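Read off the chains here:
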Amino acid sequence: MPEPLTHFDAQGQAHMVDVGDKAATRRLAVAQGLIRLEPATLRLIEAGSAKKGDVLGVARLAGIMAAKKTSELIPLCHPVALTRVALEFELLPDPPAVRCTASAETVGPTGVEMEALTAVQVALLTVYDMCKAVDRGMEITGVRLLQKEGGRSGSYRHSSAP
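This section reports on the structure supplied with the text. For clarity, every value in this text was computed on a predicted model and none was experimentally measured.

So, on to the overall build of the protein chain. Across its full length, the protein chain holds four helices and five strands. Listed by position from the N terminus, the elements making up the protein chain come as β-α-α-α-β-β-α-β-β. Counting across all 162 residues of the protein chain, residues that qualify as buried make up 37%. Within the protein chain, counting contacts between residues at least 6 apart in sequence, those at least 24 apart form 69% of the total. Of the roughly 9,400 Å² of accessible surface on the protein chain, a fraction of 56% belongs to carbon and sulfur atoms.

This is how it looks when you write it as structure tokens:
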């Protein structure tokens, strides 16, 4: 039988999980996703010649900022004192896409999976925003948690994680 959902109380009402009694441990989460785009759009990003500027540089900053604001966006997330957020981008030629990998870390009583996932989503949305004038058919896909470390539930590794 699956574990009960933690964001609901005994009466079925949504609530914020009490993490007050949980030990502060090192927490890590890594998430990944990609945006599929036209070959010409990928060339613009690679050359740094997009009309709005350095697409991946701006997307990196947007992802970091988003991770820091996750608790403001996701109603039942706890505010987390992040110790590190990092985003990496990989340009994939065939089929043309940009892969984003975000990692988030903290030392605290709750994990940072939502922060890593939010960073990926907002970074990829920023790529879309900066390139939409030349490619409205871009598609964000494959966003998933790759890895999680720390906490009572232990480690998790997605089957596709390196």
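With that out of the way, let us pick up the pattern of salt bridges. Tallying each qualifying case throughout the model produces five salt bridges. The salt bridge partner of arginine 26 is glutamate 105, with a shortest N-O separation of 3.2 Å. Of the two residues, arginine 26 is situated in strand S1 (residues 25-36) and glutamate 105 in strand S3 (residues 96-108); the sequence distance between them amounts to 79 residues. With a closest N to O distance of 2.9 Å, arginine 99 and glutamate 90 form a salt bridge. Via salt bridges that share partners, Arg26, Arg84 and Glu105 belong to a single interconnected network.

Turning next to the environment of alanine 62. Within the secondary structure layout, alanine 62 lies in helix H2 (residues 55-68). In this structure alanine 62 comes out as buried when scored by relative accessible area, which is 15%. When near neighbours in sequence (up to four residues on either side) are disregarded, alanine 62 contacts Val122 and Thr126.

Conventions and cut-offs
In every chain, residue numbers begin from 1 and rise along the written sequence. This being a predicted model, a pLDDT of at least 70 is required before a residue's local features are given, and a value of 80 or more before pairs of side-chain atoms are given or counted; all residues contribute to the totals for chains, interfaces and linings. Remark: hydrogens and water are excluded; side-chain values derive from all non-hydrogen atoms of the structure. In this description a helix means any DSSP run of H or I spanning at least four residues, a strand means any run of E spanning at least two, and both kinds are numbered starting from the N terminus. Three exposure classes are used, based on accessible area relative to the maximum for each residue type with a 1.4 Å probe and protein chains only: buried under 20%, partly exposed in between, and exposed over 50%. Every residue pair with non-hydrogen atoms within 4.5 Å of one another is taken to be in contact. Note on areas: Shrake-Rupley with a 1.4 Å probe; residue coverage comes only from the protein chains shown. In what follows, salt bridge is the name for a side-chain nitrogen of Lys or Arg lying within 4 Å of a carboxyl oxygen of Asp or Glu.

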